[in-house]
Amino acid sequence: MTHRLLLVLCCLLLVPAFRLNAAEPTEKWGELIFADDFERTESQELKDEPGNEWTTSSDKTAGGNKQVDLRDGYLFIYTHETANHATSVRHEFQFQNGTLGLKFRLDHERDSLKLNFTDLGCKTVHAGHLFDAVVSPKGVLLEDRKTGVMDLKIRAARAEGKLTKAQQQMLASRKKFFPMPIETGVWHELLVHVDRDVLQATVDGQPMAEFSAPGFAHPTKTMIRLLVPYTASVDELRIWRRQ
Ligand SMILES: [Ca+2]
Ligand SMILES: [Ca+2]
């Protein structure tokens, strides 16, 4: 029994802490409300089984084919050749202001990883879309979709090709791309800070994107969706709540 206890203690000590290149104390990001290091395996390798209350879109968008694979202590996400939509990997949480951190790896130039902040209870938008932070080998995109392309009235006008000039200008003001090469094939650390109407992203400790838009201030962010159109790997996901 004592040996087992020692083994457990040793394992706990060996679990790597969330390390950041920037020597910032994480305390100022608020209360840590969720952490996942993906140090587990499925009971089978035919279907998605990410565990820890993650859900995936594979039954709905890919005929139930496996698209989310726990491997070597991280989560590999890919979109099956028969899928009709980017794979979505979802977890509930709740904050108004807070920080989401994770490690990610993109293996190909076409790869990207979208962090889609969601509130399925928000009825003015399509499918709960509030805003996105998207990383790709070319840089980071920040986009308010709540008051932009996912607003139901804007979405309908867009589908009918009836956007006014003013609406087009408004949509252009809801997103910003921050170019910066992000090396493929290696792990990076991403932090996304949400504070009122400001969204900020750092990669490997470098503040590289900051943008303000009204949708970021939505009071209840209640779900994160990781959206992957090709492939992406994630690990050491953390969520801190400030408010
Ligand atoms: Ca891990
Ligand atoms: Ca696996």
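Keep in mind that what you see is a predicted model, and the values were worked out from it rather than measured.

This part takes up the overall build of the protein chain. Secondary structure assignment for the protein chain yields four helices and 15 strands. Taking all 243 residues of the protein chain together, 35% fall into the buried category. In the protein chain, of all internal contacts separated by at least 6 residues, the share reaching a separation of at least 24 is 67%.

Turning next to the nonpolar core. Ranked by size, the top nonpolar core spans 45 residues in total, and within it Ile77, Val192, Ala201 and Leu226 carry the most contacts. Among the elements that take part in this core, strand E15 (residues 231-241) stands out by supplying five residues, more than any other. Those residues within four positions of Ala201 in sequence are excluded, and the remaining contacts are Ala133, Val140, Leu142, Leu190, Leu191, Val192, Met208 and Ala209.

The pLDDT averaged across the protein chain works out to 92; a share of 90% of its residues lies at or above 70. Ignoring residues within four places in sequence, the model shows residues 10-17, a span with pLDDT below 50, making one contact including any to other chains.

Here we come to the sheet that holds strand E2 (residues 55-56). One open sheet holds the seven strands; their spatial order is E2-E5-E14-E7-E8-E9-E10, and the pairing between them is antiparallel. In the strand order of this sheet, the two ends are held by E2 and strand E10 (175-179), each with one partner. Judged from the six bridges that link them, strand E8 (residues 129-136) and strand E9 (residues 139-144) form a sheet pairing that is antiparallel. By the bridge assignment for E9, Asp132 is matched with Glu143.

Cut-offs used in this document
- Residues numbered from 1 in each chain as written.
- Chains lettered and ligands numbered in written order.
- Predicted model: local features only at pLDDT ≥ 70, side-chain atom pairs only at ≥ 80, totals over all residues.
- Helix = DSSP H or I, 4+ residues; strand = E, 2+ residues; numbered from the N terminus.
- Buried ≥ 20, exposed ≤ 12 C-beta atoms within 10 Å, placed from the backbone.
- Contact = placed C-beta atoms within 7 Å.
- Core = buried A, V, L, I, M, F, W, Y, C linked by C-beta atoms within 7 Å.
- pLDDT = per-residue confidence, 0-100.
- Pairing = 2+ DSSP bridges.

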